[in-house]
Amino acid sequence: MPTTVAGFPLRAGSVRPHHAILTACAACAMAAGAAAQETPVPEGPIQEVIVTAQKTAQPASKTPLALSVLGGDELRQAGATNAVALAELAPNVQITTDTGMLQVAIRGVVSLDTTEKGDSSTAFNVDGAYVGRSEAQLGSFLDLERVEVLRGPQGTLYGRNATAGAINLITNKPTGKLEGRVDVEIGDYNARHVEGVINIPVNATLSLRAAAAKISRDTYLKRGPNTIGLDDRDDNAARLHALFTFAPATSWLLTAERSRNGGNGASSVPLANFFSGTPILGGNNLANPVYVDRGATAQATAAARFADAGSYRNNTATSLRSEFKTGLGGVADLTYQFARLHAQVEQLNNGTYFGFPMYNPISGESTQRTHEVRLGAPAGAALNWVAGVYHFTEDIFRASTYNTVTPGPLISLPFSPTIASRSKAAFGQLTWRAGDRLRLTVGARTTRDEKSGHDPLSGSLAGPGYSAHVESAKSNFRLAADYDLAPAVMVYGSVSTGYKAGGFNDTSGSPYKPENITSIEAGIKGRFLRNRLRLSAAAFHYDYKDMQLTSVVCTGASATDGCGVLTTNASNAGIKGVELEGSWHPTPDDRINFSVATADGKFKAYRPNATDDWSGQRIDRAPAYNATLGYVHTFAFDGGATLQARIGTRLNGAYFLSDPSAGVRYRQPSYRKSDIGATWTAPSQAYHVQAYVRNLENAITLDSLVPGGFGIGAPRTYGLRAGMQF
């Protein structure tokens, strides 16, 4: 019997998965077009979500780009306490940590340089303010309204360092109602989480909203032969909003925020926990690695003996933000945003280097300031447009030493860089209604960047160090069209570009060029079955030029001389894929969430070193597929209480973590992680209790690659959560 997709028969083997997805979406679109006159206004349980992904408020279903929106309640139900959890909630997104720094890969586009000289490939923003340092991006989620994950280059509205996409954290703002909530969580690994929020309307002009949280847990690692502390968590965060509303169209939002990531510093597990192979480069890598499933306990054991130098992490980020909005007589809306972020790093990491214990103390600080002035069309205007100017400065100082404990003398590689970055841009985007159903969008941005650096040590006690300065300029564009097939169904197509600034390396100051992406994307978004089914799908193709790849290399005369992080413009690449995500509410008490995504990313002509040829091979951190499926059922009791039961799973295809300079690739096999949970809510909605288990399979996965070891993901965890609100 033939398989059917949306009622269309398919022969076995006649289509590929992504073709089936697009066929299904086309069928839904045709059905929607046929039913347009029957159902002019959607009914049913799915509510529209307003987003600001394009710097203006608009419905998510009318935003012509690949976008996942995660609400605050959804994030709390999933136990998302920082950005790492988003990897389980959005298609074609991988988010991990590397030595305590955030790494974001979207559709296979990622930056692995988390040092002071590196920049992320994903624009990370909190209430519209850019957060540049990867350690500051790991702040605890606190009182969020929603998170927007934008997939694909965002060079027009978000500028440089957005070749992968953008992540926007939108916090809950003050309201005119006295309200608050408290949530408490306990779990295994001695997990503790307390969060409190209060909203106070002071008078007709001023409202305040304060939130604070404390999160802690023990290490997920088995100690093995170690007695020092291993990677754990002891974080806290606090925020105060003050909203002045002077008139319906004029407001001023002031925000003070501070987060601290504490506990023990980063630590890794040996390569041999996951792979067999011949040690090379003193054990920094394995030649011809073959994955061996040794079981979760062995995989999570820090079997290598670390140095007895201790372990700590005390990284803080303090933000001051200001957003002023006013209307200009119905002609335009004016927004001025200013943000200052001061981040401090105090961290001692542990690992191995050339087979010996290595400890790495890092200290320093950074200060960034951003200004953005925007003019936009007022609400309800026939022509939707936004234009603005942007200015960014960042000054960084870091002091770090890589100390290798050998049977002989202690080998120390010191770094003491000072980095200054400057960026300025002008941008604009206009959407024109060419009829009742068709909209045409054109956008452009011109950016100029410069980065300077000086390090008198640069990995050597004797110097000579380096001084470097690089400049780059780029103009990006976006062309898009979207068309309403029905009142609740839209199709779109776009061509857009993105750009990531160039930089220099920390051992010699040698420069590398910017990377650039040109993206072609087509998609459909809609609500079907009387607004009980929400679907969005996209197909994309990237032309990825001057791809920036990063390795740890030693360039000196001896094995440990001149070692540092080397970034090169290694290769061009092509990436293509499709994404489908949606939600179906077959009854008022049942909901099914789902997503399917593919990514086929391959190097073009590429030789990572003198002996290896990776041409045509898959790029790192781009699994061929990932899929999620979740089911929620709500049981209603007499008296008004409810019990909500949840079960969900995520399938992830295999992906690579590589060391280009050594020509070594480690393949993480495909895996599955499933979660279950149940939430009881009181009749008054004022109290709730939730029990959960995450990662039922206890799958231990590779998060990051460091010399001689891996950072790993979380094992199976369970806990109990309770909360009250008023």
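The model shown is predicted, which means the values in this text are computed figures rather than measured ones. (Residues numbered from 1 in each chain as written. Predicted model: local features only at pLDDT ≥ 70, side-chain atom pairs only at ≥ 80, totals over all residues. Heavy atoms only, no water.)

**Q** Give a description of the overall build of the protein that names residues and reports values.
**A** Scanning the protein for helices and strands turns up 3 helices and 44 strands. Its C-alpha atoms give the protein a radius of gyration of 25 Å, within 12% of the compact-globule value 27 Å for 726 residues. With respect to the three principal axes, the spread of C-alpha positions in the protein is 80 × 60 × 55 Å. Taking all 726 residues of the protein together, 55% fall into the buried category. (Helix = DSSP H or I, 4+ residues; strand = E, 2+ residues; numbered from the N terminus. Rg over C-alpha atoms; globule rule 2.2 N^0.38 Å. Buried < 20%, exposed > 50% of the residue type's maximum accessible area, 1.4 Å probe, protein only.)

**Q** Mind laying out unusual backbone geometry, listing which residues take part and the relevant values?
**A** Positive phi outside glycine occurs at Asp 127, with the angle close to 50 degrees. On the basis of relative accessibility, which here comes to 14%, the residue Asp 127 falls in the buried class. Phi at Asp 143 takes a positive value of approximately 50 degrees, unusual for a residue other than glycine. Looking at where Asp 143 falls in the secondary structure, it is placed in the loop between β9 (129-130) and β10 (144-151).

**Q** Tell me about the sheet that holds β9, residues and numbers included.
**A** Taken in spatial order, the 5 strands of this open sheet run β5-β10-β11-β8-β9, and their pairing is mixed. Each having just a single partner strand, β5 (67-71) and β9 make up the two edges of the open sheet. When β5 meets β10, the two strands line up antiparallel, connected through 5 bridges. Bridge assignment links Gly 71 to a residue of β10, and that residue is Arg 146. (Pairing = 2+ DSSP bridges.)

**Q** Residues and numbers for the sheet that holds strand β17 (residues 269-270), please.
**A** The sheet built from 3 strands is open, its strands ordered β17-β43-β42 with antiparallel pairing. Only two strands of the sheet have a single partner each, and these edge strands are β17 and β42 (702-706). In this structure, β42 lies alongside strand β43 (residues 709-712), joined through 4 bridges in antiparallel fashion. Each residue of the ladder has a partner; that of Ser 704, found in β43, is Gly 711.

**Q** Please provide a residue-by-residue account of the packing of aromatic side chains, values included.
**A** Per the stated rule, a full pass over the model turns up 17 aromatic pairs. Ring geometry for Phe 274 against Tyr 291: centres 6.3 Å apart, planes inclined by 45 degrees, an arrangement best described as tilted. Of this pair, Phe 274 sits in the loop between β17 and β18 (275-280) while Tyr 291 sits in strand β19 (residues 285-291); the two residues are 17 residues apart in sequence, bridging distant segments of the chain. Relative to Tyr 666, the ring of Phe 275 lies with its centre 5.2 Å away and its plane at 65 degrees, an arrangement referred to as edge-to-face. With Phe 275 in strand β18 and Tyr 666 in strand β39 (residues 664-668), the pair connects residues that are 391 residues apart, well separated along the chain. The exposure class of Tyr 666 is buried, given its relative accessible area of 0%. (Phe/Tyr/Trp six-rings, centres within 6.5 Å; stacked < 30°, edge-to-face > 60°.)

**Q** I'd love a proper account of the pattern of salt bridges, names of residues and values included.
**A** In the structure shown here, the tally under the stated rule is 43 salt bridges. Across the pair Asp 113 and Lys 117 runs a salt bridge whose closest N-O atoms are separated by 2.4 Å. Its relative accessible area of 5% is what places Asp 113 among the buried residues. Between Arg 439 and Asp 484 there is a salt bridge; the shortest N-O distance is 2.8 Å. Placement of the pair is Arg 439 in strand β26 (residues 438-455) and Asp 484 in strand β27 (residues 466-486), with a sequence separation of 45 residues. By the burial criterion, Arg 439 is buried, and Asp 484 matches it. When salt bridges with common partners are traced through the structure, they connect Asp 143, Glu 179, Arg 181, Asp 183, Glu 195 and Arg 209 into a single cluster. (Salt bridge = Lys/Arg side-chain N within 4 Å of Asp/Glu carboxyl O.)

**Q** Before we move on, can you summarise the side chain of Ser 319 with the specific residues and values?
**A** Relative to the assigned elements, Ser 319 resides in strand β20 (residues 312-327). Ignoring any residue separated from it by four or fewer positions in sequence, one finds Ser 319 in contact with Thr 255, Ala 256, Glu 257, Arg 340 and Leu 341. (Contact = heavy atoms within 4.5 Å.)

**Q** Would you mind going over the environment of Leu 410 in detail, with residue names and values included?
**A** Mapped onto the elements, Leu 410 comes out in the loop between β23 (384-404) and β24 (411-415). For the pair Leu 410 and Gly 132, spaced 278 residues apart in the sequence, the C-alpha separation amounts to 34 Å. Apart from residues lying up to four places away in sequence, Leu 410 is in contact with Tyr 359, Asn 403, Thr 404 and Val 405.

**Q** How would you sum up the pairing of strand β16 (residues 250-263)? Please name residues and give values.
**A** Taken together, the 13 bridges between strand β15 (residues 233-247) and β16 define a ladder with antiparallel strand orientation. If you follow Leu 243 over to β16, its bridge partner there is Leu 253. Relative to β20, β16 runs antiparallel, the two being bridged by 13 bridges. Residue pairing in the sheet places Leu 254 in a bridge with Ser 322 of β20.

**Q** If you had to explain the confidence of the model for the protein to someone new, which residues and values would you point to?
**A** On average, the protein scores 90 in pLDDT, and the residues at 70 or more come to 93%. Scored below 50 in pLDDT, residues 1-41 makes 38 contacts in the model with residues more than four places away or belonging to other chains. (pLDDT = per-residue confidence, 0-100.)

**Q** Break down the environment of Ile 46 for me, citing the residues and quoting the values.
**A** For Ile 46, the position within the fold is in the loop between α1 (17-34) and β3 (50-51). C-alpha of Ile 46 to C-alpha of Asn 569: the two residues are 523 residues apart in sequence and 45 Å apart in space. Residue contacts for Ile 46: discarding those within four places in its chain leaves Arg 527, Asn 531, Arg 532, Leu 533, Arg 534, Ser 583 and His 585.

**Q** Provide a residue-level description of the pairing of β10, including the pertinent values.
**A** With 7 of 8 residues buried, β10 is to be regarded as a mostly interior element. As paired elements, β10 and strand β11 (residues 165-171) share 7 bridges and run antiparallel to each other. What sits directly across from Glu 148, in β11, is Asn 168.

**Q** How would you summarise the environment of Phe 141 if you had to cite specific residues and measurements?
**A** Summarising the element assignment, Phe 141 is placed in the loop between β9 and β10. On the accessibility criterion, Phe 141 (6% relative accessible area) is buried. Along the primary structure Phe 141 and Ser 658 are separated by 517 residues, whereas in three dimensions their C-alpha atoms are 30 Å apart. Setting aside chain neighbours within four positions, we find Phe 141 in contact with Leu 75, Ala 80, Thr 81, Asn 82, Ala 83, Leu 86, Leu 169 and Glu 195.

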